[in-house]
Each structure stands twice: as structure tokens, then as C-alpha cells.
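Tertiary structure, described
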Amino acid sequence: MRATDALRHGVGALGVASIGLGLWLVAAGSDPLGVLVWLTGALVLHDGIIAPLVLAVGLLIAGRRLRGPLRRALLVSGSLVLITLPLLLRPGAPPNPSALPLPYTRNLVIVLVAVAAVTAGGVLVRRRRRRRVDTS
């Protein structure tokens, strides 16, 4: 057996053990139906909304000259939104006022504007460098 095969089998066994542990924890938990509903919702959200949206955006920017910076900006922005989304969608006031003391919506908008500004600045710097190279 080659070392890569041993590694692959070891990682596979670790994955199967993790699945078994997860199933055991769900079965031993107090609300396995709630977990099933959550997993189904996550699957529908990912396969029904997020993946088609990412593919559509990818098709829209595929032929563009600035697709590299656009992809990077969209990747960073999408990650930030996904990380912040649970805080933005949480209904009502938190039970502990110090748990969510910041205005997350405003802060997310500020960070997204900063990502757009850095991306635009990078594009402008790249254009100026190309113009200097072309004129010299």
C-alpha cells in the first residue's frame, strides 16, 4: 500500500467516524427534529439560492477584463455577509445586552464600502502602471 493510499484511507475513516459521532449526538440530543429541519433549510438555502446566485454572477463577469479583482471583491464581500448574517437576522433583542452591543448592519455596510474602495484603488493602480509601461 502506498503512503497516499494509507493517508486517503485514514482520512476516510476519520470522516466516517465524524459522521457517526454527529449522528450519535443528534440522536442523543433533545431535538433531533429541529436539527433535521435546520439541515434541510441549509441544504435548500445553499442549493436553491446561494449556488445558483454564485453561478449567475460568475457567468456575468466571465468575459470582463476586470474579472480577477471583481472575483476577489465578491469573495470577500460574500464571506463577510455570510459571517454577519446570523447577527443581522436574529429576531428581537438579545437576552444579554452585552452580547450584541454593536450596530452590525451599519458596520457591515462600512466594511463592504471599504472592500469596494480597496478594489477600485487596486484597479486604478494597475491601470496607471500599465499606462506608464505603455508610454515608456
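None of the values given here were measured: they were computed from a predicted structure.

A few words now on the overall build of the protein. In terms of regular secondary structure, the protein is built from four helices and zero strands. Counting helices and strands in the order they occur from the N terminus, the protein gives α-α-α-α. At 22 Å, the protein has a C-alpha radius of gyration far larger than the 14 Å of a compact globule built from 136 residues. A buried classification covers 7% of the 136 residues belonging to the protein. Put simply, of all contacts in the protein between residues at least 6 apart along the chain, 54% involve residues at least 24 apart. A total accessible area of about 11,100 Å² is found for the protein, and carbon and sulfur atoms account for 72% of it.

Time to look at helix 3 (residues 67-89). Counted at 1.5 Å a residue, the expected span for helix 3 with its 23 residues is 33 Å, and the 31 Å between its end C-alpha atoms agrees. At I83, helix 3 shows its maximal kink, close to 35 degrees; a proline, P86, follows between one and four residues later. Contact partners of the buried residues in helix 3: helix 4 (104-135).

Below, the discussion takes up a nonpolar patch on the surface. A contiguous nonpolar surface patch, about 350 Å² in accessible area, is contributed by L21, W24 and L25. With respect to the helices, strands and loops of the structure, W24 is situated in helix 1 (residues 3-28). Given the relative accessible area of 55%, W24 is considered exposed.

Time to look at the side chain of T84. You can see T84 is positioned in helix 3. A polar atom in the side chain of T84 sits 2.7 Å from the backbone oxygen of L80. Not counting the four nearest positions on each side in its chain, T84 is found in contact with Y104 and L108.

Its boundaries defined by the atoms lining it, the largest pocket holds a volume of some 540 Å³. Around the largest pocket, the lining comprises 17 residues; the ones closest to its centre are I50, L53, V54, L74 and G78. Those elements that place two or more of their residues in the lining of the largest pocket are helix 2 (32-61) and helix 3. The element that contributes the greatest number of residues to the lining of the largest pocket is helix 3, accounting for nine residues.

Bringing the packing of helix 3 against helix 4 into the picture now. Two numbers describe how helix 3 lies on helix 4: the axes approach to 10 Å, and their chain directions differ by 175 degrees. Relative to helix 4, the element helix 3 lies roughly antiparallel. Each of P69, R72, A73, V76, S77, L80, V81, T84, L87 and L88 in helix 3 lies in contact with helix 4, whose residues at this interface are Y104, T105, L108, V111, L112, V115, T119, V123 and R126. When the residues that make up the contact of helix 3 with helix 4 are grouped by side-chain class, the tally is 13 nonpolar, four polar and two charged.

The rules we used
- Residues numbered from 1 in each chain as written.
- Predicted model: local features only at pLDDT ≥ 70, side-chain atom pairs only at ≥ 80, totals over all residues.
- Heavy atoms only, no water.
- Helix = DSSP H or I, 4+ residues; strand = E, 2+ residues; numbered from the N terminus.
- Rg over C-alpha atoms; globule rule 2.2 N^0.38 Å.
- Buried < 20%, exposed > 50% of the residue type's maximum accessible area, 1.4 Å probe, protein only.
- Contact = heavy atoms within 4.5 Å.
- Areas by Shrake-Rupley, 256 points an atom, 1.4 Å probe, with all protein chains shown as cover.
- Expected span 1.5 Å × (residues − 1).
- Bend = angle between axes of the 7 residues up to and from the residue.
- Patch = residues over 30% accessible without salt bridge, like charges linked within 9 Å, V, L, I, M, F, W, Y side chains within 5 Å.
- Salt bridge = Lys/Arg side-chain N within 4 Å of Asp/Glu carboxyl O.
- Polar contact = N/O pair within 3.5 Å; in protein donor to acceptor, adjacent residues only side chain to side chain.
- 1 Å grid on protein atoms, 1.4 Å probe; cavity = no way out; pocket = protein on both sides within 12 Å on 5 of 7 lines; lining within 4 Å.
- Points joined across faces, edges and corners; volume = space filled by probe spheres on them.
- Axes fitted to C-alpha atoms, helices over the stretch in contact; angles between N-to-C directions.
- Parallel < 35°, antiparallel > 145°, perpendicular 65-115°, else oblique.
- Nonpolar A, V, L, I, M, F, W, Y, C, P; charged D, E, K, R; others polar.

Geometry only, nothing functional implied.
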